[in-house]
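Residue-level structure breakdown
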Amino acid sequence: MSSITSAAAMKLLDIRLKHAGSIITSAIGEFSSSGVQEIVCLRAGGTIDLYRIVITNVSNDNMDDDDEDEEDEVQTTLKLLKRIETRSTLRSLTAIRISGSKKDVILVGADGGCLSLLAFDTAASSANNNNSDASVTYKIIHCPTFGKSGCRRDTPGQYLASDPRGGRAVMIASTEKRKLVYVLNRDSGGNITIASPLEAHRPRTVVFDLVGVDNGFDNPIFASLEVQYPEYEDAVLAERKKKKDQEDRGKMEEERGHDVELGQHGDGYTKQLAYYELDLGLNHVSRRWATSTLRSACCLAAIPGGLDGPSGVLVGGEDYIEYLHEGMTTPSLSNGESKVTPKRLICAIPRRELHPKSKGVLITTISVLRQKKGKFFALAQSELGDVYKVTLQLSKEDKTVVTHMTICLLDTLPIGNGLNISKLALLFVPAEFGDHGLYQFDAIDIEDSAVKFTSGETISAFVKSGDSSEDAFYASSENVAAIAPKFRPTILQNMHKVFTLDSLAPVTSVLVGELAGNEVSPQFYTLCGRGPRSSLRILRHGLSVTELAVSELPGVPGGVFNVRDDRGTKNGKFHDRYIVVSFADATLVLSVGETVEEMGKESGFLTSDPTLACSALGNGDKDGGIVQVCPGGVRHIRRVNNQVNVSQWSVPGIKKIECASANESQILIALAGGELIYFELDPMSGNLTEACTRDVGTDVCCLDVGPVPKGKSRSLFAVVGSRDSNVRLLSLDPGNLLVQKSSTTLGATKPYSAALSIVDGSDGASELTMTVGLEDGSALRANVDPITGAISTSPSRRFLGARPVAVSRVTLDGSSSTLLLSSRPWIGRHGNGRHAMAPMSYAPLDHGCSFSNEAVREGIVATSGTTLRILSVGENGGNPLGNDDDEAFNATDVSLRYTPRQMCLLSAKVGETSKKIVLALVESDYNDHGAEEKRSMGFDGTGRLKTTSKKIGNKSNDDAMDMDEDSDDDAKNEEKKEEADDEDEDDINSRLTPIRGPVPSEKGRWGSCVRLVDPQNACSTLDCVELNRNEAALCCASVRFHSRGGESLLAVGTVTNMTMHPLDHKESHVVLYRVVNGNRLQFLHRTKVDDGPVLTLVHFQGRLLVGIGRTLRLYEMGKRQLLKKCELRGLPTMVKTLHAAGDRAYVGDMMQSVHFIRYDSTANRLVLVARDRSSRPITCQELLDMNTVAVGDKFGNVSILRLPGGADVGAIDVTGTRALWDSSREDATPKLETLCTYHVGEVVTSMTRASLVAGGAESLVYVTVTGRVGAFVPFTSREDVEFYTSLEGFLRVEAPRPTGRDPQAYRSYYAPTKHIIDGDLCDAYSHLPFETKQKIAEQLDRSVGEIMKKLEDTKNALL
């Protein structure tokens, strides 16, 4: 603990472990290359991600002719192509395609006071390089400055809209008043140009949404949804006049009961849809047309115009969607005449059955897809997640006139920040909270079968009502509840999920520790999600591993090898023919086909001796046979005329081969004493020939000849590790065989294994790397010059485990990777301009190599103990390494019932002597019913009841049809039914969707529970206690009362009937539970408390310290309730966080930062010791030592505060002579010192102090509401401080600024950054051009390789 605080006085380094998962907005288009669908996402934390929709045929490569008629199975994924770090707060995004271009570009609005125009491109040299990240680049085309930086209400950037026709212009608007229009064009060289901005300001106007209207090729028009408010003086005078009139009429009391909330119909303001026209001839912007719309309107979507549609916009509001356009005709009534002429073309949306009549349903987002000329549709999503299809019916005489509107229920999806419809019949939903989803449409023309409503029915209902005001009628939720059709949400009917993009957002709490009981590294336990998407996610550092097969072996193997099948496949790819397992005195050969079978002598292998190396020979065009290296010699196995022909070279004398390596054409062996013998395959005769011999003078313990580069016939180098702790690189060039090119010394340790790999460099060229596994459990990696063979002078070294490291080459995600096996398996891969290494979340492995067959495209065959295992690494068949700068984590989800609020660890007794650790969670949701109420209302959160009943009916009909069939047919039919049931279950799983429960009709309704989970059993639920109606659990803590003998009890703070606006509650309680037998919660008693809600609890000196509103109170255990011992009243606003250590309590106030409290046991009172100078709205805190605390506030800042030395000496007046007025003065209270300040950019919700590796140094781990996981790492040497400080200073100048935001200004958003280095900015060094890297390296008096190694070693030391 002392190390982190002493380092905090110097410097901390912010290291991002996982990017924020929350997506602010997204756009779909063709960005990096023409003809492919891609998605650009703006993420919280200032990153721009480019994903490509990849559709892969996953059917078997060798498909029989009989299977050609079967439908191919495809796999749809999102592949990350490029990630841009902007170091700014991103706000808006739009995609445009300039006339004459084949690709889209993006416009980004941020807090930098600039409008950013960015373009992506695919390098020609890497166009066929597996679409790797290195092949995609971005360019800042324009970044003009228009105003101040920061997110101000009058600074443009919140809204962004472009002209749909050729991207001729773009409008950027602020929340209030200011709008700017930029004209885009092309110069003679085809480059995009941007003109000076044109102003379209309108004072006292609040904008709600902005969209570009499709006006054909006429002047560009932008539609703005806005409200104009009066001047302050006018508003005050109007309010006074209104009150005077009410008093004169004696209706003041009557009118108070009918006040209209702001934002509702009748609040005195009119919401308008306004058209702003850009006159391209006059270069001027004017407000062309405006009309009133629904007071609850909040979103817009443009309808295709010109020759493709009627133009205009769809306006989404509460309960309705309205179509508006300049010059539109009044909707006609189908029958009869009416006294009131309707003026709106409006349609009500279908509603849920259990939704209360008094509450409306708000449309939050609308998206339009143009299918072909004259045909289009729109998708709209409500605040409950229901997705509707909106279609417009056009007049037969005039296709620019809209006559009717139809709204159909499509499906229920997670609530999204947008709907991105692809031309590939895919829908991407960037979820507001939780994982994002990519969905495949099964049906879209659903008007005949879906629940629907039309504008004609809506208008007819208004006419029949006799209401004189359309606005008043449509503003009433009771009216729409009476006319709209009802439905019950189910599983997905018209689409299914094909891909999930992980997101932790929001994370409310984190706990780090090795609680599983059988793993090496600690796990991250995070509380994520909201409502029905809530979960407890266990993050493990490493790649996810799928175990495909496990087989017992007759003994403990000494190695495993794969032999390629040169017969090839239809698509030109090669699979493995044999798996060769070597034992101490035997070799086991397994044939790989539809099944894995053991081979005997017919394989040609010598099975009575161990195998040191084996490989298929030849380049694939010509079968060169198989080579097997045994201690006694080298066997060349060839098949001639279906006969096995074996030729063997035997070791001369009594020597034995100690190690060997082989590839497609080269074999290198090492005899005892250090003699090397090199063999090559003669391409003409197909025979092995001895080419060269050399004595290195010391015993060889490992060697590798490396892979054969593409287009070459041989590897040019071999690496040899010897027992004198040297690693030599030898030439295999025919003119310089076995000549030493370079070497490196390992020091005290010895090499254990070695491998050469060919990887793709940042510029698209191939690079040669050498990886050496050492006996001390570490791995050394160095770059090798492919021409001279020189080993880099700054090799990277990383500790992997307690066992010697075995290294082998594997293929993952189509590129070369490295498998490193120690006490934990690791995967290393080069990508994104850097080398990434991550552990595999799997049991320790002894030996391993690459494996591929028809069922497993890219896998690993490995041994562990006496078992042979076939594994697949990564999710969805891919490998996340190399895609971005994140550390690799894999997650295990445990679904929860409500939004998780807090968690704590408990030590529970099991039996008389043993104990176990359990995890307690409190969950609660506002504006929700409890589980029992939902069941009584008939609500099904899975939506499967309706589907299940249909299946049961179908099954019963099938049974009736099969009554007269024979028993054999019955058995066959039974098997078919089982297979069909399995397929149905898989289909249902892809169609499951979270469904929000019924919304209560009154305020103050809560659903809540207390859950007990077992972290040693995959966090399975042991017990779940549902709380009483309208009681919400907000916090929990483990407490050990001295009066109970130190038994761990669970204390839960609850509130009843709590409302948010205004903040109020009926009563608060502290509830105590006891854990019985480690698997059940037993209620002890409930204590009612006054003075406010209970938001935090903590164990304090054998008692319970509770934060209750503005009061801090200490309780002792009683028989029927808690007993109050002492309290401290008068804290500034509300106690939000609590920590305790010794006789001190650390109180985080909701608005007034941290207070240090000391407990005076002699006087039995709590005394204020010190407080912070600054007012910080605290969200979380973590105690670093007795005098130091780290806090996070709701503005995204992290600060470290320390108590000055000797400040608490005078806190307690032991003499009693201090004047009462002197002790109560606020300026007399000591103030905390600010050691560090840093703007993370995202609201930090939880922090914890933890070591992420066994025996490693502690760091401060934090999580944010947007799903980011990071760590503040203390520096341990002045050299590191000086290096990172200098590097950060240079990168502040040299790093690109995509949004024009200064990195230092961003990290100093609210206060100047102090003593914390921006690790994200330092990581940007690896993405800079080489010339810039070299320039910075010269100024730091280091090489580029040394800087890259330093950055890598710092992160490796953390994980």
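Right above here is the structure, for reference.
Residues numbered from 1 in each chain as written. Predicted model: local features only at pLDDT ≥ 70, side-chain atom pairs only at ≥ 80, totals over all residues. Heavy atoms only, no water.

**As for the packing of helix α11 (residues 1278–1294) against helix α15 (residues 1344–1358)**
- Between α11 and α15, whose axes approach to 12 Å, the crossing angle comes to 115 degrees. Compared by their axis directions, α11 and α15 come out roughly perpendicular. Relative to α15, α11 is oriented so that their crossing is left-handed. Contact residues: α11 offers Asp 1280, Phe 1283, Tyr 1284 and Leu 1287, while α15 offers Ile 1347, Lys 1350, Leu 1351 and Thr 1354.
- Looking at the contact of α11 with α15, its residues break down into five nonpolar, one polar and two charged. (Axes fitted to C-alpha atoms, helices over the stretch in contact; angles between N-to-C directions. Helix = DSSP H or I, 4+ residues; strand = E, 2+ residues; numbered from the N terminus. Parallel < 35°, antiparallel > 145°, perpendicular 65-115°, else oblique. Left-handed = near helix turned anticlockwise from the far one by under 90°. Contact = heavy atoms within 4.5 Å. Nonpolar A, V, L, I, M, F, W, Y, C, P; charged D, E, K, R; others polar.)

**Digging into the pattern of salt bridges**
- For the structure on display, the rule yields 74 salt bridges.
- A salt bridge links Arg 935 to Glu 932; its shortest N-O distance comes to 2.5 Å. Of this pair, Arg 935 and Glu 932 both sit in helix α7 (residues 931–937), separated by three residues, roughly a single helical turn.
- Connected through shared salt-bridge partners, Asp 14, Arg 16, Glu 85, Glu 1242, Arg 1268, Arg 1307, Asp 1318 and Asp 1320 make up one network. (Salt bridge = Lys/Arg side-chain N within 4 Å of Asp/Glu carboxyl O.)

**Digging into the sheet that holds strand β74 (residues 1094–1100)**
- Taken in spatial order, the four strands line up as β74-β75-β76-β77 in an open sheet, and their pairing is antiparallel. Of all the strands in the sheet, the pair left with one neighbour each is β74 and β77 (1123–1128). Strand-to-strand, the axes of this sheet are offset by a mean angle of 25 degrees, without reference to chain direction.
- In terms of strand pairing, strand β75 (residues 1103–1108) meets strand β76 (residues 1111–1116) through five bridges, oriented antiparallel. Bridging across to β76, Ile 1108 finds its partner in Thr 1111. (Pairing = 2+ DSSP bridges.)

**A look at the state of the cysteines**
- Under the definition given, this model contains zero disulfides.
- Here Cys 408 is not disulfide-linked; the sulfur of Cys 347 is the nearest cysteine sulfur, at 8.9 Å.
- Owing to a relative accessible area of 0%, Cys 408 belongs among the buried residues under this scheme.
- Unpaired in this structure, Cys 659 has its nearest cysteine sulfur neighbour in Cys 702, at a distance of 7.0 Å.
- For Cys 659, a relative accessible area of 12% corresponds to the buried category. (Disulfide = S-S within 2.5 Å. Buried < 20%, exposed > 50% of the residue type's maximum accessible area, 1.4 Å probe, protein only.)

**Some words on the environment of Ala 348**
- Within the fold, Ala 348 resides in strand β22 (residues 345–348).
- On the basis of relative accessibility, which here comes to 0%, the residue Ala 348 falls in the buried class.
- With 59 residues separating them along the chain, Ala 348 and Ile 407 place their C-alpha atoms 7.8 Å apart.

**Focus on the nonpolar core**
- Counting residues in hydrophobic clusters, the biggest one holds 50 residues, and the most contacted among them are Val 313, Leu 314, Ile 321 and Met 405.
- Judged by nonpolar contacts, the second largest core, of 38 residues, contains Val 507, Val 512, Ala 1337 and Leu 1340. (Core = buried A, V, L, I, M, F, W, Y, C linked by side-chain atoms within 4.5 Å.)

**Overview of helix α4 (residues 455–465)**
- For α4, the complete set of buried residues consists of Ser 455, Thr 458, Ile 459, Ser 460, Ala 461 and Phe 462.
- Where α4 is buried, its residues contact β21 (320–324), β22, β27 (402–412), β31 (452–454), α5 (470–474) and α6 (477–483).

**Let's talk about the sheet that holds strand β8 (residues 115–122)**
- Ordered in space as β6-β7-β8-β9, the four strands form an open sheet in which the pairing is antiparallel. Single-partner strands in this sheet number two, and they are β6 (90–96) and β9 (136–142). Pairs of neighbouring strands in the sheet enclose a mean axial angle of 30 degrees, with direction left out of account.
- Here six bridges tie β8 to β9, and the two strands are oriented antiparallel to one another. Following the sheet pairing, Leu 117 is matched in β9 by His 142.

**Quick look at the environment of Val 1135**
- Take Val 1135: it is sitting in strand β78 (residues 1135–1141).
- On the basis of relative accessible area, Val 1135 is assigned to the buried category, the value being 0%.
- Considering only alpha carbons, one finds Val 1135 and Thr 1111, 24 residues apart in sequence, at a separation of 7.3 Å.

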